[in-house]
Every structure is written in C-alpha cells, then in structure tokens.
Amino acid sequence: MSSVLYDAQGPRAKRRNVLFTIVFLVAVAALVWWVYDALDEKGQLDWAKWEMFFTSSEPWSTYIWPGLENTLKAAALAVIIALPLGAVLGIARLSDHAWVRVPAAVVVEFFRSIPVLVLMIFGLALFAEYTDVSSDDRPLYAVVTGLVLYNASVLAEIVRSGILALPKGQAEGAMAIGLRKGQVMRLILLPQAVTAMLPAIVSQLVVILKDTALGGAVLTFSELLASANTMSSYYGANTIASFTVVAVIYIALNFALTSFASWLERRLRRAKKSTGAVLKADDTQQSAGAAV
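Here the residue numbering is sequential within each chain, running from 1 through the sequence in written order. Given that the model is predicted, a residue must reach a pLDDT of at least 70 before its local features are reported, and side-chain atom pairs must reach 80 or more before they are shown or counted; all residues, however, enter totals for whole chains, interfaces and linings. Each side-chain value is worked out from all heavy atoms of the structure, with water and hydrogens disregarded.

By salt bridge we mean one thing: a side-chain nitrogen of Lys or Arg within 4 Å of a carboxyl oxygen of Asp or Glu. For the structure on display, the rule yields four salt bridges. Where glutamate 157 meets arginine 93, a salt bridge forms, and the shortest distance between an N and an O atom there is 2.6 Å. Residue glutamate 157 is located in helix α6 (residues 138–164), and its partner arginine 93 is located in the loop between α3 (58–92) and α4 (98–112); the two are separated by 64 residues in the primary sequence. Remark: exposure states derive from per-residue accessible area (1.4 Å probe, protein chains only) relative to the maximum for the residue type, with buried under 20%, exposed over 50%, and partly exposed in between. Residue class for arginine 93 comes out buried when judged on its relative accessible area of 16%. Close ionic contact of glutamate 157 with arginine 160 constitutes a salt bridge, the shortest N to O distance being 3.0 Å. In this pair, glutamate 157 and arginine 160 are both assigned in helix α6, three residues apart and thus about one turn of the helix distant. We count a stretch as a helix when DSSP gives it H or I for four or more residues in a row; a strand needs E for two or more, and each element gets its number in order from the N terminus.

Now for the packing of aromatic side chains. Geometrically, a pair of aromatic rings is defined through the distance of the ring centres and the angle of the planes. Here a pair means two rings of Phe, Tyr or Trp (six-membered ring of Trp) with centres within 6.5 Å. Their orientation is stacked below 30 degrees between planes, edge-to-face above 60, and tilted elsewhere. One pass over the structure, following the stated rule, counts six aromatic pairs. Residues phenylalanine 53 and tryptophan 60 carry aromatic rings whose centres are separated by 6.4 Å and whose planes lie at 80 degrees to one another, so their mutual orientation is edge-to-face. An angle of 80 degrees between the planes, with centres 5.5 Å apart, marks the rings of phenylalanine 127 and tyrosine 141 as edge-to-face. A residue pair is termed long-range when its members are at least 10 positions apart, and phenylalanine 127 in helix α5 (residues 116–130) and tyrosine 141 in helix α6 qualify at 14 residues. Taking relative accessible area as the criterion, phenylalanine 127 reaches 14% and is therefore assigned buried.

This part is about the layout of surface pockets. In the cavity and pocket records, a cavity denotes points on a 1 Å grid over the protein atoms alone where a 1.4 Å probe fits but cannot get out, a pocket denotes an open set with protein on both sides within 12 Å along at least 5 of 7 lines, and lining residues are residues with an atom within 4 Å of a point. Grid points are joined across faces, edges and corners, and a volume is the space filled by probe spheres set on the points. Looking at the largest pocket, its volume works out to about 280 Å³. Breaking the lining of the largest pocket down by element, the ones donating at least two residues are α6, α7 (168–176) and α8 (181–218). For the lining of the largest pocket, the residue count by class is ten nonpolar, no polar and three charged. What the second largest pocket holds in volume is close to 190 Å³. For the lining of the second largest pocket, the elements supplying multiple residues, two or more each, are α3, α8 and α10 (239–273). Here the lining of the second largest pocket takes four residues from α3, the largest share from any one element. For the lining of the second largest pocket, a count of residues per class yields nine nonpolar, no polar and no charged. Residues are grouped as follows: nonpolar covers Ala, Val, Leu, Ile, Met, Phe, Trp, Tyr, Cys and Pro; charged covers Asp, Glu, Lys and Arg; every other residue, Gly included, is treated as polar.

Pasting the structure below:
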C-alpha cells in the first residue's frame, strides 16, 4: 500500500529499521552511562553537592532569586519596549511613502545584522561615556538596550511578513467599502496577522529571556546564569548541581511562556471561528429593504 509521500515498507525494510532502532538505543544508553560514570568519578553526583538546594534556603535567597529577579526585570523591560517598537518599524516598512519606508528599512537591517552582544557592549560604553547612570545600573541598561535594538528589528520583520502573508483581498475589500489605509491596517490586517505571527513572536520572546545571560557573561550583569557561577564556587565547585538547577528554572520559564502563547492562540482562533448571532427572516427582509 502506497501514499503520496512514501511507499509502504516491505519485510526487509521493517527488519532493517528495527535493527537501526536497536543500535541507536544501545548507543544512546552507552553515552548516558559514560556521562554518568564520568560525573560519578568526579564526585559531581554526591549528595553533599545537591543537598543545599533541598535542605536550605540560603542558595535560593542569596543567589538564585536575586539572579532570577534581574533576569526577569531585564527581559520584561526589553519586551515592553521591543514589541511596540518592532510593530511600528514593521508597519513603517509597508508605508507607501519612501521617506517613511526607507529609514525604517535602514534601521531594521542595520540592527538586525549586528550581534546582540556587540550592541550590549556598545550600550555599556555609551552609558559610561555620555550619561550619568551609575556603574551599578549600567549593565542592566546596556543589556536592555542591546536586547531592544536587536529584537525590535527582528520583530519588525515578523510583523511585516505576517501582514504580507494575508490575502490581498482582505485589504482590497476593506478599501472597497471606504476604509482608509490606517483603518485597514488597524481594524482588518493586524487583528488577523496577530494570530499567525504569535508563534514567531513567542519564540523571539524566549530568545530575549535567554539572551539576558550574555550580560552576565561579559558585562558583569548579575543575572541567573552569572549567579549560578558564583554559587558553584561558594559551595565547593558543585558546578553540575548549580547549573542543573538553573537550567531547570530556564526550562520552566520558557515552557510557561510557550504554554501561555499556545493557549492564547487557541483562544484567538476559536473567537475568529465564531459565527455570531443568527438573523431571523424578518430581520433579513428589513436589512434588504434598508439596503434598497
């Protein structure tokens, strides 16, 4: 039996696939055992290196929570600024006026081409040279600046591509009933494009959350990953335990964000599928008479 995508497997192909699966599982099991044995030999799996996370609040209150607070603060500020800025730049790139479209395209392509770490470093130098921001706050300002400039440019392209992906008949039909271009964008195109753009936007928000770690690696910004490095040194080089806890926190945050986005997307799609109220025969005749 065949399908459009592939032919049904015969007996030999099935036996070969089973053999490949067994070999792959054995190789994965051997790799897992090798990693476990190496960690156990180095003492990284000893209970003494993990118990402080389960028996004491000190690592949480002293290292993890302050780092997590700084991570969430930087990510929230970057999201709040980058989302509307990206939407404005993306819509500006669709303008009929060259004096609006060209500068927006230059800004987007320029900042989208520069690594976010470079933008953070330039931001730190900028705040140190030309502003009165204190040295304690400069890393936060620099991290937020780099994240905003880079991700706003990426979000602008997401917004532009989401609007262009809609059928042209949407805009043409709206203009045919007398709506101006601004009204078409605000009332017709953007509400439909938001649902299509939501997965890409959420993926970029996850990137923003994770890229805050660059500030801790280079700009001495005391975010979650940097706090894990300090914590592992304080508790006797329990590197695996500290970074495992931090990795679980990152996974939980990103999973919560993507789960919320999935729920919101399903809710928006259900709302768009609603057919609204059903007109009675008398209402239909009255509407037809009013139209005549």
